[in-house]
Amino acid sequence: MAGPLLLRSLLSASTRKSLSSHLVRFPRLSRGFSIGPASAAAAATTDLNACSEPSRLRNVAVIAHVDHGKTTLMDRLLRQCGADIPHERAMDSISLERERGITIASKVTSVSWKENELNMVDTPGHADFGGEVERVVGMVEGAVLVVDAGEGPLAQTKFVLAKALKYGLRPILLLNKVDRPAVSEERCNEVESLVFDLFANLGATEEQLDFPVLYASAKEGWASSTFTKDPPAGAKNMSQLLDAIVRHVPSPKANLDGPFQMLVSMMEKDFYLGRILTGRVSSGIVRVGDKIHGLRRKESGTEKIEEGKVVKLMKKKGTNMVLIDSAGAGDIISMAGLASPSIGHTVANTEVLTALPTIELDPPTISMTFGVNDSPLAGRDGTHLTGGKIGDRLMAEAETNLAINVLPGLSDSFEVQGRGELQLGILIENMRREGFELSISPPKVMYKTENGQKLEPIEEVTIEVNDEHVGLVMEALSHRRAEVADMGPVPGNVGRTRLSLTCPSRGLVGYRSVFSSDTRGTGFMHRAFLKYEKYRGSLGNVRKGVLVSMGYGTITAYALMSLEARGTLLVTHGMETYDGMIVGEHSRDTDLDVNPVRSKELTNIRAASKDENVKLSPPRLMTLEEAIGYVASDELIEVTPKAIRLRKRYLDVNKRKAMSKRSKA
């Protein structure tokens, strides 16, 4: 009897209120927030007002270059509209986002402002997560382009703005961080001119070129339509930005009378509800209990994926997810009830047999091979070791992240294609935290061939360094086939130089750690994919050889003491090692086989002098991102929940020599 009773309670409006009070026990959504008691009370009072009046809706995305203040701005907007914010950067709900201080996934929330419902989308700023931006700009009718008034528009600003203009959005320009001492009204005018030029170069229409400009300090929590560094006490809020959104962003063109259709733009998984599909309702009205089906486009036509009914309708309100009874065209909602549709598919009423146009994403530019960990230390730390489990996890990731492609390879290996090292590094870090053990190949750039000519991905790089480091940086990048496009002083910063370059993606692999070392941590480097261009030739010598272990066991301090003169150590004493594991970087260009497990032999002869104390320099312990950029083509990264090790692809020294001779031949 439990099954029918539960089904009736789900479908019955009279009992939905009692159900909502138990939502606090639902598992937390993977990218969202837990559904709290306050939201349950709100769910009981949610009605159809918003969906019956699309003129009150505003769908807007917040887009910007990395670290220009998007997530902080979202915090202030939520607080202005009365949302309860549990902590700073409330929209960054993934643990890695809070640890690294970056936004990885796009997230949707809604706030109420002067009888209007604002659906707002927070987007990532890193170029590697550009797929998150591409798939959400189709859901909105407007965008707030946040630009740092001190730095001006940078590489990723151009990328996100190009996507917004392509979809016909008319952005609102928000110059952030105007409270900084170096930012003056003249500097703001200069940045506004640079942004106007960027609009024009990207082919903006006359209407898009006539963009409104606001000035803000998201950190202090205020926005103004005129330049000021210290607004009056009564105006230190975000009211003017919210009013500008209502005034300049058009309401969605909604057809409430048509059949229900929704393009899925985001997907989450919940242990209790299954798949939660999020998207913008294109037409019609959807209610809890409606019969729906999933559709996808194929070359042969539209294919039906699955048929079911709406079990739950949800909407993000501030930082809480609330239940709603129905939603109409133009609104951004989440629903549960179907198990098969994913991002890019259409959810519609059963009488609809046509799928909506899918999302077009830029192609991936880099690939890595994920395989089973076959080192002698495999199986000690992780719980998911087999190729089948690795494949299932990668396929699940490809469903929720369209910017990643997964292709099966040979012998339990999988080729994973993405936008950059950071994106794939985040995936590897998530997998190792889940208990996976992997062997990862070095990143490979994905080439194209057109008219018999080899093309490679070229990235636009913006670098800001102290004047004394310019020569070092330019020398390093010249070995990586970079070409300088522009160079000049940084406005408002004496002794700083800004470089604009174009560089092949393969040349930038592993350069970030070298750049940080060369500039003593004082430089900034931003990059974004530009285009495919003619192959620029082989790279110069960008790395030394390595010290390769030829012993198995525990590394000793006695052995490392004699190895320090040979190069830079990458391990410390007490670690486990095996034949073929990389323990250091050689001071020369060739590899050197060493024995790091050698211990001091004991004798029965007493010595008058004490043994010399072993004093070692601190080793260079690599992070995952550094390891991805460091390994060469004949090497692998061994990733476990507790360790990151570098190793040779072939552990046996004789086999390595044979394969090296074969590759030269």
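Refer to the structure presented above.
Here is a short report on the structure shown in this document. (Residues numbered from 1 in each chain as written. Predicted model: local features only at pLDDT ≥ 70, side-chain atom pairs only at ≥ 80, totals over all residues. Heavy atoms only, no water.)

**Brief notes about the overall build of the chain**
At step 1: Across its full length, the chain carries 19 helices and 35 strands.
At step 2: Residues counted as buried form 54% of the 665 residues belonging to the chain.
At step 3: Within the chain, contacts between residues at least 6 apart in sequence are counted, and of these 72% link residues at least 24 apart.
At step 4: Surface accessibility of the chain: about 29,700 Å² in total, with carbon and sulfur atoms responsible for 50%. (Helix = DSSP H or I, 4+ residues; strand = E, 2+ residues; numbered from the N terminus. Buried < 20%, exposed > 50% of the residue type's maximum accessible area, 1.4 Å probe, protein only. Contact = heavy atoms within 4.5 Å. Areas by Shrake-Rupley, 256 points an atom, 1.4 Å probe, with all protein chains shown as cover.)

**Details of the nonpolar core**
At step 1: In terms of nonpolar packing, the biggest core is built from 35 residues, with Leu145 and Leu175 touching the most fellow members.
At step 2: Elements supplying a minimum of two residues to this core: β1 (57–64), α7 (130–136), β4 (142–148), α8 (155–166), β5 (172–176), α9 (185–201) and β6 (213–217).
At step 3: Once residues within four sequence positions are removed from consideration, Leu145 is found in contact with Ile63, Thr157, Val160, Leu161, Pro171, Ile172, Leu173, Leu174, Val195 and Phe199.
At step 4: The next biggest cluster of nonpolar side chains, apart from the first, holds 31 residues, and it includes Leu427, Val546, Ile637 and Leu646. (Core = buried A, V, L, I, M, F, W, Y, C linked by side-chain atoms within 4.5 Å.)

**Considerations on the side chain of Arg280**
At step 1: By the element assignment, Arg280 lies in strand β9 (residues 274–283).
At step 2: Taking the relative accessible area as the measure of exposure, Arg280 reaches 16% and is therefore buried.
At step 3: Looking at Arg280, its side chain comes within polar contact range of the main-chain oxygen of Met139, at 3.3 Å.
At step 4: Side-chain polar atoms of Arg280 contact the side chain of Glu141, separated by 2.6 Å.
At step 5: Excluding residues within four positions of it along the chain, Arg280 makes contact with Asn59, Met139, Glu141, Pro252, Lys253, Gln261, Met262, Leu263, Gly330, Asp331 and Ile332. (Polar contact = N/O pair within 3.5 Å; in protein donor to acceptor, adjacent residues only side chain to side chain.)

**Concerning the pattern of salt bridges**
At step 1: Tallying each qualifying case throughout the model produces 36 salt bridges.
At step 2: Among the salt bridges present, the one from Lys317 reaches Glu117, with a minimum N-O distance of 2.6 Å. Highlighted residues: Lys317 in strand β13 (residues 312–317) and Glu117 in strand β3 (residues 116–122), separated in sequence by 200 residues.
At step 3: Overall, the relative accessible area of 29% leaves Lys317 in the partly exposed class.
At step 4: Where Glu303 meets Lys298, a salt bridge forms, and the shortest distance between an N and an O atom there is 3.4 Å.
At step 5: Among the ionic contacts, a cluster of salt bridges with common partners joins Arg543, Asp591, Asp634, Glu635 and Lys648. (Salt bridge = Lys/Arg side-chain N within 4 Å of Asp/Glu carboxyl O.)

**Section: the pairing of strand β8 (residues 261–270)**
At step 1: Counting buried positions along β8 gives nine out of 10 residues, so the element sits mostly inside the fold.
At step 2: Relative to strand β17 (residues 346–349), β8 runs antiparallel, the two sharing three bridges. Bridge assignment links Gln261 to a residue of β17, and that residue is Ala348. (Pairing = 2+ DSSP bridges.)

**Concerning the pairing of strand β11 (residues 291–298)**
At step 1: Where β11 meets strand β12 (residues 301–309), eight bridges bridge the pair, whose relative direction is antiparallel. Of the residues in β12, the one forming a bridge with His293 is Glu307.
At step 2: Counted between consecutive antiparallel strands, the loop separating β11 from β12 contains two residues.
At step 3: When β11 meets β17, the two strands line up antiparallel, connected through four bridges. Note that in β17 the partner of His293 across the bridge is Ala348.

**Re the sheet that holds strand β32 (residues 582–586)**
At step 1: Pairing is mixed across the open sheet formed by four strands, whose spatial order is β30-β32-β28-β33. Strands with a single pairing partner mark the edges of an open sheet, and in this sheet they are β30 (567–569) and β33 (592–594). Strand-to-strand twist of the sheet, defined as the mean angle between neighbouring strand axes without regard to direction, takes the value 30°.
At step 2: In this structure, strand β28 (residues 546–549) lies alongside β33, joined through three bridges in parallel fashion. Note that in β33 the partner of Val548 across the bridge is Asp593. (Axes fitted to C-alpha atoms, helices over the stretch in contact; angles between N-to-C directions.)

**Description of α8**
What sets the pattern is the α-helix's 3.6 residues per turn: residues three or four places apart point alike.
At step 1: The end-to-end C-alpha separation of α8 is 17 Å, in line with the 16 Å expected for 12 residues at 1.5 Å each.
At step 2: The element α8 is largely enclosed, with a buried count of nine among its 12 residues.
At step 3: Every buried residue of α8 is accounted for by Ala155, Gln156, Thr157, Phe159, Val160, Leu161, Lys163, Ala164 and Leu165.
At step 4: Backbone geometry just downstream of α8 places Gly168 in the positive-phi region, at approximately 80°. (Expected span 1.5 Å × (residues − 1).)

**Quick look at unusual backbone geometry**
At step 1: Unusually for a residue other than glycine, Lys177 sits at a positive phi of about 65°.
At step 2: Tracing the backbone shows Lys177 in the loop between β5 and α9.
At step 3: Even without a glycine there, the phi angle at Arg520 is positive, about 55°.
At step 4: With respect to the element layout, Arg520 can be found in the loop between α16 (511–518) and β27 (524–534).

**Description of the environment of Glu585**
At step 1: Inspection of the secondary structure puts Glu585 in strand β32.
At step 2: Judged by its relative accessible area of 16%, Glu585 is buried.
At step 3: Note: C-alpha distance between Glu585 and Lys544 (41 residues apart in sequence) is 6.7 Å.
At step 4: A polar side-chain atom of Glu585 sits 2.9 Å from a polar atom in the side chain of Tyr630.

**Focus on the environment of Lys291**
At step 1: For Lys291, the location among the structural elements is in strand β11.
At step 2: The spatial distance from the C-alpha of Lys291 to the C-alpha of Gly308 is 5.9 Å, given a sequence separation of 17 residues.
At step 3: The contact partners of Lys291, leaving out residues within four places of it in the chain, are Gly308, Lys309, Asn349 and Thr350.

**What to know about the packing of helix α5 (residues 70–80) against helix α11 (residues 239–248)**
At step 1: With their axes 10 Å apart at the nearest point, α5 and α11 run at an angle of 90° to one another. As summarised for this structure, α5 and α11 are arranged roughly perpendicular, according to the angle between their axes. Residue-level inspection shows Leu73, Leu77 and Gln80 of α5 in contact with α11, the latter providing Ser239, Leu241 and Leu242.
At step 2: Of the residues belonging to the contact of α5 with α11, the class tally is four nonpolar, two polar and no charged. (Parallel < 35°, antiparallel > 145°, perpendicular 65-115°, else oblique. Nonpolar A, V, L, I, M, F, W, Y, C, P; charged D, E, K, R; others polar.)

**Brief notes about the side chain of Glu397**
At step 1: You can see Glu397 is positioned in helix α12 (residues 387–400).
At step 2: Those residues within four positions of Glu397 in sequence are excluded, and the remaining contacts are Ile404 and Leu427.

**Re the packing of aromatic side chains**
At step 1: Per the stated rule, a full pass over the model turns up six aromatic pairs.
At step 2: Ring geometry for Tyr447 versus Tyr535: centroids 5.9 Å apart, planes at 75°, classification edge-to-face. Note that Tyr447 is positioned in the loop between β22 (444–445) and β23 (448–450) and Tyr535 in the loop between β27 and β28, a separation of 88 residues in sequence.
At step 3: Exposure remark for Tyr535: the relative accessible area of 29% places this residue in the partly exposed category.
At step 4: The structure contains a cluster of three or more aromatic residues connected by ring pairs, namely Phe196, Phe199 and Phe211.
At step 5: Note that Lys448 overlies the ring of Tyr532, its terminal NZ or CZ placed 4.4 Å from the centroid.
At step 6: Sitting above the plane of the Tyr447 ring, Lys454 keeps its charged end 4.3 Å from the centroid. (Phe/Tyr/Trp six-rings, centres within 6.5 Å; stacked < 30°, edge-to-face > 60°. Lys NZ or Arg CZ within 6 Å of the ring centre and 35° of its normal.)

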